[in-house]
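Here is what each chain is made of, one letter per residue.
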Amino acid sequence: AQSVTQPDIHITVSEGASLELRCNYSYGATPYLFWYVQSPGQGLQLLLKYFSGDTLVQGIKGFEAEFKRSQSSFNLRKPSVHWSDAAEYFCAVGPYDYKLSFGAGTTVTVRA
Amino acid sequence: DTAVSQTPKYLVTQMGNDKSIKCEQNLGHDTMYWYKQDSKKFLKIMFSYNNKELIINETVPNRFSPKSPDKAHLNLHINSLELGDSAVYFCASSQEVLAGREQYFGPGTRLTVT
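Residues numbered from 1 in each chain as written. Chains lettered and ligands numbered in written order. Predicted model: local features only at pLDDT ≥ 70, side-chain atom pairs only at ≥ 80, totals over all residues. Heavy atoms only, no water.

J.: With reference to specific residues and values, describe the overall build of chain B.
T.: Per the secondary structure count, chain B includes zero helices and eleven strands. When its helices and strands are written in sequence order, chain B yields β-β-β-β-β-β-β-β-β-β-β. Whereas a compact globule of 114 residues would reach a radius of gyration of roughly 13 Å, chain B reaches 13 Å, a difference of no more than 12%. For the C-alpha atoms alone, the extent of chain B along its principal axes is close to 40 × 30 × 30 Å. Across the 114 residues that make up chain B, the buried fraction comes to 46%. Within chain B, residue pairs in contact and separated by at least 24 positions form 54% of the contacts whose partners lie at least 6 positions apart. Treating the 13 positive side-chain charges of chain B as one cloud and the 12 negative ones as another, the clouds have centres 6 Å apart. (Helix = DSSP H or I, 4+ residues; strand = E, 2+ residues; numbered from the N terminus. Rg over C-alpha atoms; globule rule 2.2 N^0.38 Å. Buried < 20%, exposed > 50% of the residue type's maximum accessible area, 1.4 Å probe, protein only. Contact = heavy atoms within 4.5 Å. Lys, Arg positive; Asp, Glu negative; His and termini not counted. Charge placed at Lys NZ, Arg CZ, Asp CG, Glu CD.)

J.: Before we move on, could you go through the packing of aromatic side chains and cite the residues and values that matter?
T.: A complete count under the given rule lists 15 aromatic pairs over all chains for this structure. Look at Y25 of chain A and F67 of chain A: their rings are 6.1 Å apart centre to centre, the planes differ by 25 degrees, and that puts the pair in the stacked class. Taken as a pair, Y25 of chain A in strand β4 (residues 24-26) and F67 of chain A in strand β8 (residues 64-68) lie far apart in primary sequence, 42 residues in all. For F67 of chain A, a relative accessible area of 4% puts it in the buried group. Centroid distance Y35 of chain B to F105 of chain B: 5.3 Å. Interplanar angle 40 degrees. Geometry classified as tilted. Of this pair, Y35 of chain B sits in strand β4 (residues 31-37) while F105 of chain B sits in strand β10 (residues 104-105), and the two are 70 residues apart along the sequence. Considered together, Y35 of chain B and F105 of chain B belong to a single accessibility category, that of buried residues. (Phe/Tyr/Trp six-rings, centres within 6.5 Å; stacked < 30°, edge-to-face > 60°.)

J.: An account of the interface of chain B and chain A is requested, with residue identities and associated values reported.
T.: Many analyses report the size of an interface as the accessible area lost when the parts associate. Residue-level contacts link 23 residues of chain B with 20 residues of chain A. Together chain B and chain A conceal approximately 1,800 Å² of surface at their shared face, both sides included; 61% is due to carbon and sulfur atoms. Where chain B meets chain A, there are three salt bridges. Across the pair K99 of chain A and E58 of chain B runs a salt bridge, and its minimum N-O distance is 2.8 Å. The interface formed by chain B and chain A holds four residue pairs in polar contact (both at pLDDT 80 or more) in total. Of all the elements in the fold, those that place two or more residues in the side of chain B that touches chain A are β4, β5 (43-50) and β6 (53-57) of chain B. It is β4 of chain B that contributes the most residues to the side of chain B that touches chain A, three residues altogether. By residue class, the composition of the side of chain B that touches chain A is 13 nonpolar, four polar and six charged. (Buried area = accessible area lost by both parts, 1.4 Å probe. Salt bridge = Lys/Arg side-chain N within 4 Å of Asp/Glu carboxyl O. Polar contact = N/O pair within 3.5 Å; in protein donor to acceptor, adjacent residues only side chain to side chain. Nonpolar A, V, L, I, M, F, W, Y, C, P; charged D, E, K, R; others polar.)

Take a look at the structure:
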């Protein structure tokens, strides 16, 4: 079975500072990996995805993520956060039995 | 153009009532999903249809019944609503589910049962 762990429940970062969100997964084969963002009161929006190829993936809103097979990780980064990046971030892995497994999410707070 | 839409956005109702949530996608996808997001933001898959065939049916009370009249629509009917059903329900869609394609989410329906 597949699973995703997001070790950080809540991260506070200053505007303009860098951000890194951790994601560790368990999957029996080469995974498909995703990062989604959920702004307050909104649905989930796909930030980026990894299927194969280059392990450094670029996404929308200036985010990138790096797939590290040896560490079973897919961490999300942004060099300089904006106040609008305050949101809930979800890592997901799949598919297994048609499903994606989502992590519990990391809440990002941006302080001025 | 809205890719995945849900109606209504908010739903407030009393215990024991029956309610439905509708979902439509205009992406041409062949697979649709219902998720429940609880107060702690945890996302739980409930159902999925692929080409109108039920492919995921998680451990969900049988008061919840999905219906897919065609590939573009997936509705969720809930009978005898209970307080614990209060949550945000998300519809999503994807193409070629076995290929691991990304899912596109609707804006959510916040259900409050009083």
